[in-house]
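# Overview (structure and organization)
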Amino acid sequence: MTLTCLLFLLLLTGELDQFCMAHTGVSASNYSEQPERPDNQQKSSYSFEESGSASNYSEKTELQQNFSRSSEEVDRRSSRRSCRDRDILKHLNLTKNEEISMTRPGGIEPTRVTLAVALYAILDVNEKDQEFVSYLWVDTIWKDDLIHWEPEDFCDIKEIYIPTEVLWKPDIIIQEMTEKDKAPSCPYLIAYHHSEVIFRNSKVVVSTCRMQVYQFPFDVLSCNLTFKSVIHSDRAIQLENWFNTSVATNWSHGLIQTQSEWLFLNMTVKNQTVNNFCFVQSTIIYTITMKRRSVLYIANFLLPILFFLCLDLASFMISDTGGEKLSFKVTVLLAVTVMQLILNEILPCSSDRIPLIAIYCIGIFGLMMLSLMETIVVMYLMEKDSASQDSEADKDHSWSEDCGVKQSKVSFHNSFREVEKFYCDVCLGETPSKEGSSSQLPEGCRDSGKLSDEPNEAMKTLTLVLNSRREDRRPGYWTRMARKINKVFFIFYVIATIVFLLFMFVMWSTAEDDSA
């Protein structure tokens, strides 16, 4: 405080300039060139020079040195107390040096890039187009040797947020990605004082995934996401995983928000080095395993088809005489056909094997088609029986008319024979005995007897043939045959349905166990 007051007093009296010129070797001529001061100033300066001594001069010099030293210390303290990120940027020289964002950090040694990936949401799984849409959180971590400062010099600031254009970033892509990322990219990087840089970003990934729908709707799906560099080989960039399989799975289970119709099971992490034509690249493969929620498909697809099969079984109790049974079976069969068309829109055409649900629909469709064909055969036989009964009634009517004519003829022949016999008796004058009566008759009488016996033999033969035909085709013969066929086919239909349903249950259960 004393030093400051002394300097201020010297400035006011004008003696500071003279003091500086006297001790810096300025000539008197130069001093004489200075403008004249007022009398009071000259007197004060004169008194100062007269009263000055060597001890006072040394004291003033020491005061000036202490002042300069204190000012430097104040500047140093002010720099240490800088608490702004901009001061760190100036210290790192990031605002002017553009080479930092253009070149890869490090020299001959490869840059080690660490990835931490978590599944945030399962947005969609398109079996028809073989696409898997997911929402990921990706942290990319690497070290840049030029990023370094002491936190003690900047109010213990250990990290700063800088734009992504300022520093170099690794060119990491997802190999299976087919569409451009729709999520907004993070515009900042996190730079730490110990040279570590983190780029935290979220991605909407539309990737290809080979889907096997053999067990649909009880299938388990696995899709790969391969992270790699675009152009750098493993000698420039080496990828490393931050979390192992268990940690990545637990992290994803804690973060996941929506899963659509799928249930997330786990995420496996695997490092792999692949040979891409001319150079070798380091990759990290994340395999996402998920299981389809099958309750909705059971309620909306499998059970309705099973109900249609039960209706087809119940249709055996409908009478076969009318056409209601046939029309009912055709309607149920068309309903199953509509369900198959819906299934065709869901399942992809590129499947290696026929899915079990398609076999389920085809099997039930085949059973119902056999039932429809059996109904057509039974109705045909019953219609044939009714037609035969109508023709038999017509034949009986004509037969009764023919029999009336023949009976009149027989009665005529009998009466003629009686007349002839009476004539013979009258001619002989005696009644012929039973034995040898034919030999005693005249020749005319014997010839007339032979003629009268021929119509009787023909009538007996015709009656035997008609009776045999009537016994062969009794009324309701084809109806009884149709009923027997209907009973046998119903038993066969029930057994075949039970066996088929058990087979499908075993196949789905075995496939589910194999996938697990």
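Computed from a predicted structure; not experimentally measured. Starting from 1, residues in each chain are numbered consecutively following that chain's sequence as written. Thresholds applied to this predicted model are a pLDDT of at least 70 for local features of residues and 80 or more for the giving and counting of side-chain atom pairs; totals over whole chains, interfaces and linings are not thresholded and use all residues. Working from all heavy atoms in the structure, the side-chain values ignore hydrogens and water.

## With respect to the overall build of the protein chain
Runs of H or I in DSSP of at least four residues are treated as helices and runs of E of at least two as strands, each being numbered from the N terminus. A count of helices and strands for the protein chain gives 14 helices and 10 strands. Any residue under 20% of the maximum accessible area for its type is buried, any over 50% is exposed, and the rest in between are partly exposed; the area is computed with a 1.4 Å probe on protein chains only. Relative to its 516 residues, the protein chain shows a buried fraction of 33%. By the convention used here, residues are in contact when the closest approach between their heavy atoms is within 4.5 Å. Sequence separation of at least 24 residues holds for 77% of the intrachain contacts in the protein chain that already meet a minimum separation of 6. Reported accessibility uses the Shrake-Rupley method at a 1.4 Å probe radius. Residues are deemed covered only where the shown protein chains occlude them. Entry remark: accessible area of the protein chain is about 32300 Å², with carbon and sulfur atoms responsible for 58%.

## Section: the sheet that holds strand β10 (residues 279-292)
Strand pairing is defined by DSSP finding a minimum of two bridges between the two strands. The strand order across the open sheet built from four strands is β4-β7-β10-β9, with neighbouring strands paired in antiparallel fashion. With one partner strand each, in any of the chains shown, β4 (172-174) and β9 (262-276) form the two edges of the open sheet. Mean inter-strand twist for the sheet, computed between neighbouring axes without regard to direction, equals 20°. When β9 meets β10, the two strands line up antiparallel, connected through 14 bridges. Counted as the bridge partner of V274 is Q281 from β10. Between the N-to-C directions of two axes lies an angle of 0 to 180 degrees, each axis being a line fitted to C-alpha atoms and, for a helix, fitted only over the stretch in contact.

## Notes on the sheet that holds strand β2 (residues 131-143)
Here six strands make up an open sheet; going across it, the order is β3-β5-β6-β2-β1-β8 and the pairing mixed. Each edge of the open sheet is held by one strand with a lone partner, namely β3 (159-163) and β8 (237-241). Sheet twist, expressed as the mean angle between neighbouring strand axes with direction ignored, is 30°. Packing of helix α8 (residues 245-255) onto the sheet brings it into contact with β1 (111-126) and β2, and relative to β1 it is tilted by some 45°.

## Some details on a positive patch on the surface
Patch definition: residues above 30% relative accessible area lacking any salt bridge, with like charges linked at up to 9 Å and the nonpolar side chains Val, Leu, Ile, Met, Phe, Trp and Tyr linked at up to 5 Å. Salt-bridge detection follows one rule: a side-chain nitrogen of Lys or Arg within 4 Å of a carboxyl oxygen of Asp or Glu. Charged-residue counts in this description rest on Lys and Arg as positive and Asp and Glu as negative, His and the chain ends being excluded. Lysine's charge is taken at NZ, arginine's at CZ, aspartate's at CG and glutamate's at CD. Positive charge collects at one region of the surface, where R480, R483, K484 and K487 lie side by side. Within the element layout of this structure, K487 appears in helix α14 (residues 477-515).

## Quick word on a nonpolar patch on the surface
Together, M369, L370, M373 and F492 make up a nonpolar patch on the protein surface, roughly 370 Å² of accessible area in all. The element contributing the most residues to the nonpolar patch is helix α11 (residues 356-428), with three residues. With respect to the helices and strands, L370 occurs in helix α11. Classification of L370 as partly exposed rests on a relative accessible area of 36%.

## Some points on the nonpolar core
In terms of nonpolar packing, the biggest core is built from 46 residues, with L136 and F227 touching the most fellow members. It is β1 that contributes the most residues to this core, six residues altogether. If near-sequence neighbours (up to four positions away) are discounted, L136 is found in contact with V117, A118, L119, I174, N201, S202, K203, V205, L225 and F227. Counting residues in each nonpolar core, the second largest holds 31 residues, with F216, L309, I357 and I364 among its members. The definition of a nonpolar core used throughout is a set of buried Ala, Val, Leu, Ile, Met, Phe, Trp, Tyr and Cys residues joined through side-chain atoms within 4.5 Å.

## Brief notes about helix α6 (residues 85-92)
Within the span of α6, buried status applies to D87, I88 and L92. Looking straight down α6, one finds that the buried residues subtend no more than 135° of arc, so they occupy a single side. Turned more than 90 degrees away from the buried face of α6, the exposed residues are R86 and K90. Those residues of α6 that are buried are in contact with β3. Residue N93 follows α6 closely and has a positive phi angle near 60°. Here, the arc refers to the directions that run from the helix axis to the C-beta atoms.

## Comments concerning a negative patch on the surface
Taken together, the side chains of E150, E152, D153 and D156 present a region of like negative charge at the surface. A relative accessible area of 33% places D153 in the partly exposed class.

## A few points about the state of the cysteines
We call a pair of cysteine sulfur atoms a disulfide when they lie within 2.5 Å. Applying the stated criterion to the full structure yields one disulfide. The disulfide bridge from C209 ends at C223, spanning 2.0 Å between sulfur atoms. Taking the torsion about the sulfur-sulfur bond, which here is approximately -90°, the covalent link between C209 and C223 counts as left-handed. Placement of the pair is C209 in the loop between β6 (196-208) and β7 (220-229) and C223 in strand β7, with a sequence separation of 14 residues. No difference in accessibility class separates C209 from C223, as the two residues are buried.

## A look at the pattern of salt bridges
Enumeration according to the criterion identifies seven salt bridges in this entry. D312 is paired through a salt bridge with K329; the nearest N and O atoms lie 3.2 Å apart. Separated by 17 residues along the polypeptide, D312 in helix α9 (residues 295-314) and K329 in helix α10 (residues 324-346) bring together distant segments of the chain. Comparing D312 with K329 shows no difference in burial state: the two are buried. If you follow the salt bridges from partner to partner, you end up with E127, D219, E261 and R292 in one network.

## Topic: the packing of aromatic side chains
Paired rings are identified among Phe, Tyr and Trp, the last through its six-membered ring, by centres lying within 6.5 Å, and are further divided according to the angle between planes into stacked (under 30 degrees), edge-to-face (over 60) and tilted (the rest). All chains considered together, the criterion is met by 14 aromatic pairs. Aromatic side chains F243 and W251 sit 5.1 Å apart centroid to centroid with 90° between the ring planes, which places their arrangement in the edge-to-face category. A residue is classified by how much of its surface remains accessible, and F243, at 22% relative accessible area, is partly exposed. The class for W251 is partly exposed, based on a relative accessible area of 26%.

## So, the environment of N344
When you line up the elements, N344 lands in helix α10. Under the relative-accessibility criterion, N344 is labelled partly exposed at 46%.

## Things to note about the confidence of the model for the protein chain
You can read pLDDT as the predictor saying how much it trusts each residue, on a scale of 0 to 100. For the protein chain, per-residue confidence averages 74 on the pLDDT scale, and 64% of positions sit at 70 or higher. pLDDT under 50 marks residues 426-452. Its contacts with residues more than four places away, or in other chains, come to 17 contacts.

## Observations regarding the packing of α9 against α10
One can describe the packing of α9 onto α10 by two numbers: an axis separation of 10 Å at closest approach and a directional angle of 160°. The orientation of α9 with respect to α10, classified from their angle, is roughly antiparallel. By crossing handedness, the relation of α9 to α10 is classed as left-handed. Here Y297, N300, F301, P304, I305, F308, L311 and D312 of α9 lie close against α10, whose contacting residues are F328, K329, V332, A335, V336, M339, L343 and I346. Note that Gly is not counted as nonpolar here; it falls among the polar residues with everything else outside the nonpolar set of Ala, Val, Leu, Ile, Met, Phe, Trp, Tyr, Cys and Pro and the charged set of Asp, Glu, Lys and Arg. A class-by-class count of the residues in the contact of α9 with α10 yields 13 nonpolar, one polar and two charged. The scheme is simple: roughly parallel for angles under 35 degrees, roughly antiparallel for over 145, roughly perpendicular for 65 to 115, oblique for anything else. Throughout, a crossing is termed right-handed when the near helix is turned clockwise from the far one, and left-handed when it is turned anticlockwise from it by less than a right angle.

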